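# What the coordinates show
Letter by letter, the chains look like this.
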Amino acid sequence: FARLKDGLSKSTSRLTEGISGIFTKRKLDDEALEELEELLIRADLGPTTAARMTAGLARTRFGKEVTPQEVREYLAGEVQKLVEPVARPLVIEPARRPHVILLVGVNGTGKTTTIGKLARQLREEGKTVWMAAGDTFRAAAVSQLKVWGERTGCPVIAKDTGADAAGLAFEALEKARAAGADVLLIDTAGRLQNKTGLMEELRKIVRVIKKLDPEAPHTTLLTLDATTGQNAHSQVEVFKEMVAINGLVLTKLDGSARGGVLVALAEKFGLPVHAIGVGEGVYDLRPFDARQFARALVG
Ligand code: GDP
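Rules used throughout
Residue numbers restart at each chain and count upward from 1, following the sequence in its written direction. Reporting in this predicted model follows two pLDDT cut-offs: at least 70 for local features of residues, and 80 or more for side-chain atom pairs to be given and counted; totals over whole chains, interfaces and linings ignore these cut-offs and use all residues. Neither water nor hydrogens contribute to the side-chain values; these are computed over all heavy atoms in the structure. UniProt positions are given in the numbering used here, feature names are shortened, and annotations may be inferred rather than shown by experiment. We call a residue near a molecule or strand when any one of its heavy atoms sits within 4 Å of it. Polar contact is defined as a pair of N or O atoms within 3.5 Å, subject to the rule that within protein one atom must be able to donate a hydrogen and the other to accept it, and that residues adjacent in sequence are counted only when both atoms are side-chain atoms. To be clear on the numbers: accessible area is Shrake-Rupley with a 1.4 Å probe, and residue cover counts the displayed protein chains and nothing else. The numbering of helices and of strands both runs from the N terminus, where a helix is a DSSP run of H or I of at least 4 residues and a strand a run of E of at least 2. Ten residues, namely Ala, Val, Leu, Ile, Met, Phe, Trp, Tyr, Cys and Pro, are considered nonpolar, four, namely Asp, Glu, Lys and Arg, are considered charged, and the remaining ones, Gly among them, are considered polar. Note on aromatic pairs: the rings of Phe, Tyr and Trp (six-membered ring only in Trp) are paired at centre separations within 6.5 Å, and the planes decide the class, stacked below 30 degrees, edge-to-face beyond 60, tilted for the rest. Each ring is checked for a lysine NZ or an arginine CZ that lies within 6 Å of its centre and within 35 degrees of its normal; such an atom marks a charge sitting over the ring. Lines fitted to the C-alpha atoms define the axes, with helices restricted to the stretch that makes contact. Angles between their N-to-C directions range from 0 to 180 degrees. Roughly parallel here means an angle under 35 degrees, roughly antiparallel means over 145, roughly perpendicular means 65 to 115, and every remaining angle is called oblique. Two residues form a contact once any of their heavy atoms are found within 4.5 Å. One side-chain nitrogen of Lys or Arg within 4 Å of one carboxyl oxygen of Asp or Glu is enough to make a salt bridge. Any residue under 20% of the maximum accessible area for its type is buried, any over 50% is exposed, and the rest in between are partly exposed; the area is computed with a 1.4 Å probe on protein chains only. One bridge is not enough; two strands pair if DSSP finds at least two bridges between them. Buried Ala, Val, Leu, Ile, Met, Phe, Trp, Tyr and Cys residues that are joined via side-chain atoms within 4.5 Å together make up what is termed a nonpolar core.

Per an unreviewed UniProt entry, the recorded name for the protein chain is Signal recognition particle receptor FtsY, and the organism is Rhodocista pekingensis. Per UniProt, the comment on the protein chain under Sequence similarities (unreviewed entry) is "Belongs to the GTP-binding SRP family. FtsY subfamily." Within the UniProt record for the protein chain, the comment given under Subunit (unreviewed entry) is "Part of the signal recognition particle protein translocation system, which is composed of SRP and FtsY. SRP is a ribonucleoprotein composed of Ffh and a 4.5S RNA molecule."

Printed below as a string of structure tokens:
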């Protein structure tokens, strides 16, 4: 919680100071509401959410004097209500052997790191985890995953750069299945500058692994870097067109995070947020807790 709170401190202090500026010794009038709405939009909560929250406050308090503390409490409650439906932990289905998790996302958003953290977590739950270095485009991604494999004691299936990612994923699933693994984590490329190429590659991976297990991948996780703010929206749109995303991981909520974007994403897409990244270390992946997040964000 401390990490998250620190990470969100910029968003939080901007919001908290803004609220204090608007509401100190002042009645809740149209001007104050307008300022509050603007503040929420600037904090990346999105225009729909900002308008709804402001209207909700006006319904009960219009014309009355409100304290910054009351406004913060109201907002924290609303944020919590909004993100609660998407705060859903990742469930590994034991009947799947293995449960296949495909990680997609733009380069640098934290795919490989998230795979390492997930592997560590699942290993500690006693599960056997295999990894596939499906970002065959970048040598650094392959070697980074190998390092995570060593750290967590999980086998990594990798090939030389330039190898066919779908072929690698197929082989990894065959091997993981033969070994009776519980989970297979598949890394992928994220070079959005070649959108068509990336789409073909991701779709081919999905098509090919379905030959072995028609229901795989069981989870397709999109990693989003929380510091990119509104950019995250277009990334969801782009990747949703490529593959069937059914979960999100918001990374870097410890950095100069623009945490408000998570609220807007929850409102707009309703995709489960399975985990949040709060650091670069192997232990820095947490389940997404709606109440903690709301308290950390609004202060
Ligand atoms: P990929 O290109 O999507 O595989 O991204 P990487 O996993 O290589 O991560 C890119 C950078 O972000 C690396 O330097 C990671 O250490 C860093 N990173 C990933 N997740 C987090 C996080 O939750 N917090 C912080 N502070 N850094 C992170």
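Of all residues adjacent to the ligand, which total 17 residues, the nearest are G108, T112, T113, D254 and E280. The side chain of Q144 places a nitrogen or oxygen atom 3.3 Å from an oxygen atom of the ligand. Against a free-state accessible area of 570 Å², the protein chains account for coverage of 81% of the ligand. It is helix α6 (residues 111–124) that contributes the most residues to the shell around the ligand, four residues altogether. For the shell around the ligand, the per-class residue count stands at two nonpolar, nine polar and six charged.

This paragraph deals with the UniProt feature "domain: Signal recognition particle SRP54 helical bundle" (unreviewed entry) in the protein chain. The positions that UniProt labels "domain: Signal recognition particle SRP54 helical bundle" (unreviewed entry) are, in the present scheme, residues 4–83. Across residues 4–83, helical content stands at 79% and strand content at 0%; the span's end C-alpha atoms are separated by 16 Å.

Two aromatic rings, taken as a pair, are described by how far apart their centres are and by the angle between their planes. Evaluation of the coordinates by the stated rule reveals one aromatic pair. In this structure, R151 is placed above the aromatic ring of W148, and the distance from its NZ or CZ to the ring centre is 4.5 Å. Seen from the ring of F137, R191 lies directly overhead, with NZ or CZ sitting 3.9 Å from the centre.

At a closest axis distance of 6 Å, the pairing of helix α2 (residues 9–23) and helix α12 (residues 290–298) adopts a crossing angle of 60°. Overall, the two elements α2 and α12 adopt an arrangement that is oblique. Mapping the contact onto sequence places S11, T12, L15, T16 and I19 in α2 and A296, L297 and V298 in α12. Class assignment for the residues of the contact of α2 with α12 results in five nonpolar, three polar and no charged.

Quick look at the pattern of salt bridges now. Considering all chains together, one arrives at 18 salt bridges under this definition. Between E38 and R42 there is a salt bridge whose closest N-O contact spans 3.6 Å. Of this pair, E38 and R42 both sit in helix α3 (residues 30–42), four residues apart, roughly one helical turn. On the basis of relative accessible area, E38 is assigned to the partly exposed category, the value being 45%. Its salt-bridge partner being D164, residue K204 comes within 3.3 Å of it at the nearest N-O pair. Remark: D164 occurs in the loop between β3 (156–157) and α8 (165–178) and K204 occurs in helix α9 (residues 195–212); sequence separation between them is 40 residues. For K204, a relative accessible area of 31% puts it in the partly exposed group. Residue class for D164 comes out partly exposed when judged on its relative accessible area of 41%. Linked by salt bridges that have partners in common, R3, D284 and R286 make up one network.

With that settled, consider the pairing of strand β1 (residues 99–104). Across the six residues that make up β1, a large majority, six, are buried. Here β1 shows two buried faces, one formed by H99, I101 and L103 and the other by V100, L102 and V104. As paired strands, β1 and strand β5 (residues 219–225) are joined by four bridges and run parallel to one another. Counted as the bridge partner of L103 is L221 from β5.

Bringing the environment of L248 into the picture now. Relative to the helices and strands, L248 is located in strand β6 (residues 247–251). Judged by its relative accessible area of 1%, L248 falls in the buried class. Dropping the residues within four chain positions of it, L248 is found in contact with L221, L222, L224, L271, P272, V273, H274 and A275.

So, on to the nonpolar core. Counting 82 residues, the largest nonpolar core has F23, L36 and F239 as its most contacted members. Here F239 is in contact with V104, G105, V106, L192, L198, L202, L222 and I245, once residues within four sequence places are set aside.

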